[in-house]
Amino acid sequence: MKAKSGALAVLILAGVALAGCTPAPVGVGFADPYEATNRKTHKINRSLDRAIVRPISNAYGKSAPGPLRKGVSNVASNLSLPSTVLNNLLQFRIEEAGANTFRFLVNSTFGFAGLLDVATEAGIARDPSDFGETLHVWGVKEGTYLELPILGPSTSRQAAGRVVDTLTNPLNFVLEGQDRAAATGSTVLARFGDRYQFRDLVDSVLYESEDSYAQARLLYLQNRRFALTGETQLDDVDPYEDVYGLE
């Protein structure tokens, strides 16, 4: 507990120190110096998807009623909000932090621990964020492209952000035992639900593309950059060409 509190304090101090930094520019092209290793990881991830993730997600999607899947997704989304609020604060986006905090309180109480998304119906929109975005706001460059085991496409900046988000999630300080297991279970089930919901797109990329690795890399970088900046700068990039000069 002390280690987690210390890590949280360090993050807050770092945010104060970097408050005046300019957000990193959007990446141009992509840097993939570890492509050989990334492709091996991608091959393993695709095999895991074919053998485990896709069958389970299809079974879950077909057996669980839509409202139940939606409820599980709502719970997982609600549980992510404390971490989102922390990142809003580290980015000095106070208004967004307040809205997400209010959203969490409303859904956790009137929405039965987030099972119902009462906040959205009340007009309180969710403003997602993570530590990868925080690093971007602090001016940290995107870095190299990575394919992580199980987790899939990422960048060195985003991979670091995932680690920090896991270690500093405020719920880790309050949830224990069965409560933590239930929270983890809802998050895992929600990911299976996502895989089922977007099965046509995912199957198209993984099993119907000429080069599923290159296609996944292109789509990930486009979507991530647009989410951070509203720009992609990948429109004229050949996804099958090695381009170095990211940032």
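These remarks concern the structure in this document. Computed from a predicted model, the values in this text were never measured in an experiment.

### Focus: the overall build of the protein
At step 1: When its secondary structure is counted, the protein shows 11 helices and two strands.
At step 2: Beginning at the N terminus, the succession of helices and strands in the protein can be written as α-α-α-α-α-α-α-β-β-α-α-α-α.
At step 3: Counting every position in the protein, which comprises 247 residues, the buried fraction comes to 43%.
At step 4: In the protein, the share of contacts with a sequence separation of at least 24, taken over all contacts with a separation of at least 6, comes to 73%.
At step 5: A total accessible area of about 13,300 Å² is found for the protein, and carbon and sulfur atoms account for 63% of it.

### Regarding the nonpolar core
At step 1: Listed in full, the seven residues of the largest apolar core are Leu86, Leu90, Phe131, Leu135, Val137, Trp138 and Val164.
At step 2: Contributions of two or more residues to this core are made by helix H4 (81-90) and helix H7 (131-137).
At step 3: The element contributing the most residues to this core is H7, with three residues.

### A few points about a nonpolar patch on the surface
At step 1: A cluster of nonpolar side chains, namely Ile44, Leu48, Ile52, Ile56, Ile150 and Leu151, defines an oily patch on the protein surface of about 560 Å² accessible area.
At step 2: Residue position: Ile52 is located in helix H2 (residues 35-63).
At step 3: The class of Ile52 is partly exposed, set by a relative accessible area of 42%.

### Some details on helix H5 (residues 94-109)
At step 1: For H5, with 16 residues, the first-to-last C-alpha span of 23 Å sits near the 22 Å given by 1.5 Å per residue.
At step 2: Looking only at H5, the buried set comprises Ala97, Asn100, Arg103, Val106 and Asn107.

### Some details on the packing of H2 against helix H10 (residues 199-208)
At step 1: Running from N to C, H2 and H10 point in directions that differ by 150°, and their axes come no closer than 11 Å. Relative to H10, H2 is oriented roughly antiparallel. Both H2 and H10 take part in a crossing whose hand is left-handed. Taken together, the residues of H10 that come into contact with H2 (itself represented by His42, Arg46, Asp49, Arg50, Arg54 and Asn58) are Arg199, Asp203, Leu206 and Tyr207.

### Topic: the pairing of strand E1 (residues 145-148)
At step 1: Alternating positions in E1 separate into two faces, Tyr145 and Glu147 on one and Leu146 and Leu148 on the other, with burial throughout.
At step 2: Judged from the four bridges that link them, E1 and strand E2 (residues 152-155) form a sheet pairing that is antiparallel. Bridging from a neighbouring strand, Tyr145 pairs with Thr155 of E2.
At step 3: Turn length for the E1-E2 hairpin, with the two strands adjacent in sequence and antiparallel, is three residues, and the turn residue Ile150 shows positive phi of about 70°.

### A few points about unusual backbone geometry
At step 1: Of note in this structure, Phe92 is not a glycine but carries a positive phi near 60°.
At step 2: By secondary structure assignment, the location of Phe92 is in the loop between H4 and H5.
At step 3: Look at Phe92 and you get partly exposed, because its relative accessible area is 44%.
At step 4: For Phe112, which is not glycine, the phi torsion reads 55° and is therefore positive.
At step 5: Here Phe112 shows up in the loop between H5 and helix H6 (118-121).

Definitions and cut-offs
For every chain, the first residue of the written sequence is number 1, and numbering continues from 1 onward in sequence order. pLDDT decides what is reported in this predicted model: residues at 70 or higher carry local features, side-chain atom pairs at 80 or more are listed and counted, and totals for whole chains, interfaces and linings draw on all residues regardless. Water and hydrogen atoms were dropped before computing side-chain values, which therefore reflect all heavy atoms in the structure. A run of H or I in DSSP becomes a helix once it reaches four residues, and a run of E becomes a strand once it reaches two; helices and strands are each numbered from the N terminus. Think of it in three bands: residues with accessible area under 20% of the maximum for their type are buried, residues over 50% are exposed, and the middle band is partly exposed, with areas taken using a 1.4 Å probe on protein chains only. Any two residues having at least one pair of non-hydrogen atoms within 4.5 Å are treated as being in contact. All accessibility values rest on the Shrake-Rupley procedure with a 1.4 Å probe; residue burial counts only the protein chains present in the view. Side-chain atoms within 4.5 Å link the members of a nonpolar core, which is a set of buried Ala, Val, Leu, Ile, Met, Phe, Trp, Tyr and Cys residues. Each patch is assembled from residues with relative accessible area greater than 30% and no salt bridge, linking like charges that lie within 9 Å and nonpolar side chains (Val, Leu, Ile, Met, Phe, Trp, Tyr) that lie within 5 Å. The term salt bridge refers to a side-chain nitrogen of Lys or Arg lying within 4 Å of a carboxyl oxygen of Asp or Glu. Working rule for helices: expected span equals 1.5 Å times residues minus one. Note on method: axes are straight lines fitted to C-alpha atoms, helices fitted across the in-contact stretch only, with angles between N-to-C directions ranging 0 to 180 degrees. By definition in this entry, angles of less than 35 degrees are roughly parallel, angles greater than 145 are roughly antiparallel, angles of 65 to 115 are roughly perpendicular, and the rest are oblique. By definition, any crossing whose near helix is turned counterclockwise from its far helix by less than a right angle is left-handed, and any crossing with a clockwise turn is right-handed. A strand pair is defined by DSSP finding two or more bridges across the two strands.

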